[in-house]
Protein chains: 2
Amino acid sequence: MADVLFEKVAFIGVGLIGSSMARRMSADGLMSEIVACARSEETRTKVVDLGIASQTFEDPAAAVDGADLVVIATPIGSCGAIAQAIAPALKPGAIVTDVGSVKQAVVDAVAPYLSAENAFVPGHPIAGTEESGPEAGFPELFDGRWTILTPTDGTDAEAVEKVKVLWQRMGAMVDTMTPSHHDMVLAITSHLPHLIAYTIVGTATDLEDDLRQEVMKYSASGFRDFTRIAASDPVMWRDIFLNNRDSTLETLQRFSEDLTALQRAIRRGEGDVLEELFARTRKIRRGIIDAKQAY
Amino acid sequence: MADVLFEKVAFIGVGLIGSSMARRMSADGLMSEIVACARSEETRTKVVDLGIASQTFEDPAAAVDGADLVVIATPIGSCGAIAQAIAPALKPGAIVTDVGSVKQAVVDAVAPYLSAENAFVPGHPIAGTEESGPEAGFPELFDGRWTILTPTDGTDAEAVEKVKVLWQRMGAMVDTMTPSHHDMVLAITSHLPHLIAYTIVGTATDLEDDLRQEVMKYSASGFRDFTRIAASDPVMWRDIFLNNRDSTLETLQRFSEDLTALQRAIRRGEGDVLEELFARTRKIRRGIIDAKQAY
């Protein structure tokens with residue numbers, strides 16, 4: 001079939017992102033065969049029951065045998081160990097990619113293990129839900145969303161192009177930038193918002209029981225929007241903060257300064273300062289709607 | 001008609017909430033006549049064009065003439081002046097209610113102007129969107145949402161009951177609590193989340209132009225959820241923070257302490273602290289889904 005981009009694809013990790021990719025690739029015939037590696041037997045059973053892969057493995061090295069494309073789709077803290085495990089088993093010419101939310105740390109952890117015969121094309125689809133696990137995936141997850149690729153100077157251009165085409169065929173728009181720039185942009189758009197949401201929902205969990213019940217009951221007034229974000233996968237997010245520490249702390253510092261200024265304006269009763277800021281932030285929403293990332 | 005709860009209803013302010021109430025009351029035949037007061041001619045024209053009220057007025061006192069129910073639905077900073085203006089024109093026995101997001105400050109501002117013949121039943125529907133203006137309203141806005149009434153000891157029980165039945169007939173569930181307790185609960189569920197969202201979106205607006213464009217482009221990764229909240233009406237929110245200052249600053253203090261602790265955990269690389277918090281916050285989302293305030 002002319003549309004097949006890769007003969008055999010191996011997924012290491014089959015959560016929300018991995019299983020969505022696999023479903024989309026199968027649905028659109030972008031490969032001939034999909035195999036998957038998952039640590040827990042429960043997940044491997046689900047993957048087979050859901051028809052996501054034809055074969056599953058506990059051992060990553062066994063999974064990548066003969067694969068033309070390997071997708072590492074685990075929490076980023078484990079990427080290095082996985083690279084080390086699979087490197088000797090990779091087919092010459094096989095492309096390795098990942099979907100991690102932090103890029104510099106993943107490049108640093110993975111690249112040293114791979115030989116010149118296996119290009120590593122780091123990637124990050126800006127898509128997701130607060131659900132996790134193979135059952136949470138769906139083939140349309142990437143439609144109209146951005147995927148960022150962060151190849152380094154040495155990355156084989158042909159391999160980058162193949163991964164780019166794969167993402168486009170899965171419905172995504174693709175951008176390319178350096179790993180460090182990616183990490184700074186994502187610190188603002190994703191890591192800081194998650195940090196804030198986790199904090200505010202955490203503050204609420206510390207309330208006395210009665211009050212916490214009321215907070216859930218009346219959550220439609222704003223709080224609810226934060227709980228969706230703060231329901232994201234705990235291990236995945238632990239790894240993100242540990243691996244994008246500097247950019248996250250830097251943006252957090254900016255945020256804290258701005259929050260202190262707003263706090264002072266409230267304490268002093270400076271209505272004009274508040275109104276001016278609130279009018280300014282409203283325009284950003286319009287910009288996002290214009291960028292077709294909200295409706 | 002047996003279903004009519006009030007003969008004539010006057011709305012002072014016809015934004016998202018006021019116009020949604022008026023539409024629902026008309027749709028379900030809960031009153032015989034609706035009149036509306038709006039400061040700007042543009043709004044009055046819209047209200048007539050949209051068929052929301054049979055008559056419009058610039059002067060609040062003229063609007064309440066002969067009304068059995070008066071709904072104050074303006075930003076809360078103007079409630080006191082409106083009460084002062086309408087008090088002499090109120091029909092004996094007319095009930096006054098409001099929809100403000102802060103209750104103690106509104107009670108303090110409105111109650112002193114009203115005579116014993118006019119019960120004031122403070123209310124707050126926990127419902128809304130980031131849109132504003134009469135064209136943004138829709139009759140189903142209150143379906144399945146909570147409305148909180150905060151009568152004081154002296155409030156006429158029969159009047160409270162009538163307003164309660166009105167909200168139930170508009171699709172809402174009704175709770176009653178003291179004004180000060182309301183303000184504390186809402187500081188956590190609504191005012192703090194909005195403050196945080198305004199701050200983080202404000203932080204983004206201060207970025208250099210290129211970076212701000214990228215933030216909007218990749219906003220689907222978390223930031224976007226904050227921009228929806230931070231697009232809410234600037235004047236309404238200015239008044240909320242100025243009028244619920246103490247509770248907002250107190251909850252902000254708790255939040256800041258928790259954020260500092262999380263910041264330290266990231267700086268020190270304490271993955272177990274992060275993972276434990278993130279697992280805890282995930283459960284709150286489940287509680288909200290169980291309370292049928294999210295799906």
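The model shown is predicted, which means the values in this text are computed figures rather than measured ones.

The rules behind the values
Residues numbered from 1 in each chain as written. Chains lettered and ligands numbered in written order. Predicted model: local features only at pLDDT ≥ 70, side-chain atom pairs only at ≥ 80, totals over all residues. Heavy atoms only, no water. Helix = DSSP H or I, 4+ residues; strand = E, 2+ residues; numbered from the N terminus. Buried < 20%, exposed > 50% of the residue type's maximum accessible area, 1.4 Å probe, protein only. Contact = heavy atoms within 4.5 Å. Domains from an automatic or database assignment. Buried area = accessible area lost by both parts, 1.4 Å probe. Salt bridge = Lys/Arg side-chain N within 4 Å of Asp/Glu carboxyl O. Polar contact = N/O pair within 3.5 Å; in protein donor to acceptor, adjacent residues only side chain to side chain. Phe/Tyr/Trp six-rings, centres within 6.5 Å; stacked < 30°, edge-to-face > 60°. Lys NZ or Arg CZ within 6 Å of the ring centre and 35° of its normal. pLDDT = per-residue confidence, 0-100. Least-squares fit on C-alpha atoms with pLDDT ≥ 70 in both.

S.K.: Before we move on, can you summarise the environment of I86 of chain B with the specific residues and values?
M.R.: Residues and elements named next belong to chain B. Tracing the sequence through the fold places I86 in helix α4 (residues 79-86). With a relative accessible area of 0%, I86 lands in the buried category. Discounting chain neighbours no more than four positions away, the residues touching I86 are P60, A61, V64 and V70.

S.K.: With reference to specific residues and values, describe the domain arrangement of chain A.
M.R.: How big an interface is tends to be stated in terms of accessible area lost as the parts join. Residue and element names in this part refer to chain A. Here chain A is described as being made up of domain 1 (6-177) and domain 2 (181-290). For domain 1 versus domain 2, the separation of C-alpha centres amounts to 30 Å. A buried area of about 1,200 Å², summed over both sides, lies between domain 1 and domain 2, and 67% of it is on carbon and sulfur atoms. Along the contact surface separating domain 1 from domain 2 lie 1 salt bridge. Between R228 and E130 there is a salt bridge whose closest N-O contact spans 3.1 Å. Along the contact surface separating domain 1 from domain 2 lie 6 residue pairs in polar contact (both at pLDDT 80 or more).

S.K.: Tell me about the packing of aromatic side chains, residues and numbers included.
M.R.: As enumerated under the stated definition, the model contains 11 aromatic pairs over all chains in all. Ring geometry for Y198 of chain A and F278 of chain B: centres 3.8 Å apart, planes at 20 degrees, overall stacked. Note that Y198 of chain A is positioned in helix α7 (residues 179-205) and F278 of chain B in helix α12 (residues 271-290), a pairing that runs across two chains. Residue Y198 of chain A shares its accessibility class with F278 of chain B, and that shared class is buried. Note on F142 of chain B and W167 of chain B: the rings are 5.0 Å apart at their centroids and 85 degrees apart in plane angle, and the pair reads as edge-to-face. Taken as a pair, F142 of chain B in the loop between β7 (123-125) and β8 (146-149) and W167 of chain B in helix α6 (residues 157-169) lie far apart in primary sequence, 25 residues in all. Take F142 of chain B: its relative accessible area is 0%, and that puts it in the buried class. Here the guanidinium or amino end of K217 of chain A rests over the ring plane of W146 of chain B, the centre of that ring lying 4.4 Å away.

S.K.: Describe the side chain of T251 of chain A, listing the residues and the values that go with them.
M.R.: Summarising the element assignment, T251 of chain A is placed in helix α11 (residues 245-268). Excluding its chain neighbours within four sequence positions, the residues that come into contact with T251 of chain A are A187, I188 and L192 of chain A.

S.K.: How would you explain the confidence of the model for chain A if you had to name every residue and give the values?
M.R.: Residues of chain A with pLDDT of at least 70 account for 99%, and the chain-wide mean is 94. Quick note on the complex model: pTM equals 0.87, ipTM equals 0.87.

S.K.: An account of the pattern of salt bridges is needed here, citing residue identities and associated values.
M.R.: For the structure shown, the criterion picks out 36 salt bridges over all chains. Across the pair R285 of chain A and E130 of chain B runs a salt bridge, and its minimum N-O distance is 4.0 Å. Residue R285 of chain A is found in helix α12 (residues 271-290), and its partner E130 of chain B is found in the loop between β7 and β8; the two belong to separate chains. The exposure class of E130 of chain B is buried, given its relative accessible area of 14%. The residue R24 of chain B makes a salt bridge to D28 of chain B at a minimum N-O spacing of 2.9 Å. Overall, the relative accessible area of 12% leaves R24 of chain B in the buried class.

S.K.: Help me get a handle on the interface of chain B and chain A, residues and values and all.
M.R.: In this complex, chain B contributes 92 residues to the contact, which on the side of chain A involves 91 residues. Linking chain B with chain A are 10 salt bridges, by the criterion used here. At the junction of chain B with chain A, the criterion picks out 36 residue pairs in polar contact (both at pLDDT 80 or more). At the level of secondary structure, the elements contributing two or more residues to the side of chain B that touches chain A comprise β8, α7 (179-205), α8 (209-217), α9 (223-229), α10 (234-243), α11 (245-268) and α12 of chain B. Here the element with the most residues in the side of chain B that touches chain A is α7 of chain B; it accounts for 20 residues.

S.K.: Please give an account of the relation of the copies chain B and chain A that cites residues and values.
M.R.: Laying chain B over chain A is done by rotating through 180 degrees and shifting 0.0 Å along the axis; what remains is an RMSD of 0.1 Å. Each copy turns onto its partner about a two-fold axis. When C-alpha distances to the rotation axis are compared across chain B, the minimum falls at D225 of chain B, with a value of 3.4 Å. When the interface residues of chain B are mapped onto chain A, 99% of them again lie at the interface, so the same face is used by both copies.

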